[in-house]
Amino acid sequence: MVSTQDSRIARLCVEKGLKMTEPRKVIARVLSDSKDHPDVEELHGRVRRLDSSISIATVYRTMKLFEDTNIVSKRDFGDGRARYEEIQGDEDHHHHLIDVRTGDVIEFYNEELENLKVKIANELGYELVDHHLELFGRPIAKN
């Protein structure tokens, strides 16, 4: 049995008033422990190692619920699969560089880029309230 105290995502769910069923606790634990950006099929495989009774439909419904309540964000890294990551808040803000050859995802933060995005929004008469950035590239060939 997975405890809500063991998972950041489960704690967020409780704070937001979501009912924490055992399958949701397991899914929350697996996603909280993920160091990558899994899609539903990958999550389902990991979840089933802990509880083989959890169906892929349950994982899909749970991820939709987590997304709708701003617990996770859905990402598109150009491979046709919706990938998920926990929303960490401003203290862990980052962007993604996706290697188009291997599909590897590199997380990065750049203060200059952050300042530029705010400047652009302000110059257009807006306050920046949210943003997502995915860059796609391939390694530069070394001679």
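Structure shown above.
Reference entry: report on the structure contained in this document.

Rules used throughout
In this convention, every chain numbers its residues from 1, walking through the sequence in written order. Whole-chain, interface and lining totals are the exception, using all residues; otherwise, since this is a predicted model, local features are given only for residues with pLDDT of at least 70 and side-chain atom pairs are given and counted only at 80 or more. In computing side-chain values, all of the structure's heavy atoms are included and hydrogens and water are not. Secondary structure elements follow DSSP: runs of H or I of four or more residues count as helices, runs of E of two or more count as strands, with numbering from the N terminus. Exposure categories follow from relative accessible area, calculated using a 1.4 Å probe and restricted to protein chains: below 20% of the type maximum is buried, above 50% is exposed, and the middle band is partly exposed. Contacts are assigned to residue pairs with any non-hydrogen atoms lying within 4.5 Å of each other. Reported accessibility uses the Shrake-Rupley method at a 1.4 Å probe radius. Residues are deemed covered only where the shown protein chains occlude them. Here Asp and Glu are counted as negative and Lys and Arg as positive; His is not counted, and neither are the chain ends. Think of each charge as sitting on NZ of Lys, CZ of Arg, CG of Asp or CD of Glu. Here a strand pair is declared whenever DSSP counts at least two bridges between the two strands. To get an axis, a line is fitted to the C-alpha atoms, and for a helix only the part in contact is used. The angle between two axes follows their N-to-C directions and goes from 0 to 180 degrees.

Along the protein chain, the regular secondary structure elements total five helices and five strands. When each of the 143 residues of the protein chain is scored for burial, the buried share is 34%. For the protein chain, the share of sequence-separated contacts (at least 6 apart) that also reach a separation of at least 24 residues comes to 47%. Put simply, the protein chain shows about 9300 Å² of open surface, and 50% of that area lies on carbon and sulfur atoms. Side-chain charges of the protein chain comprise 22 positive and 28 negative groups, with the mean position of each set lying 5 Å from the other.

The sheet built from three strands is open, its strands ordered S4-S3-S5 with mixed pairing. The open sheet terminates on both sides in strands that have one partner only, identified here as strand S4 (105-108) and strand S5 (134-137). For this sheet the average axis-to-axis angle between neighbouring strands, irrespective of direction, equals 25 degrees. Relative to S5, strand S3 (residues 95-99) runs parallel, the two being bridged by four bridges. The partner of His96 across the bridge, within S5, is Glu134.

Next up on the list: the pairing of S3. Counting buried positions along S3 gives four out of five residues, so the element sits mostly inside the fold. Hairpin connection from S3 to S4: five residues lie between these consecutive antiparallel strands, with Gly103 at a positive phi of about 85 degrees.

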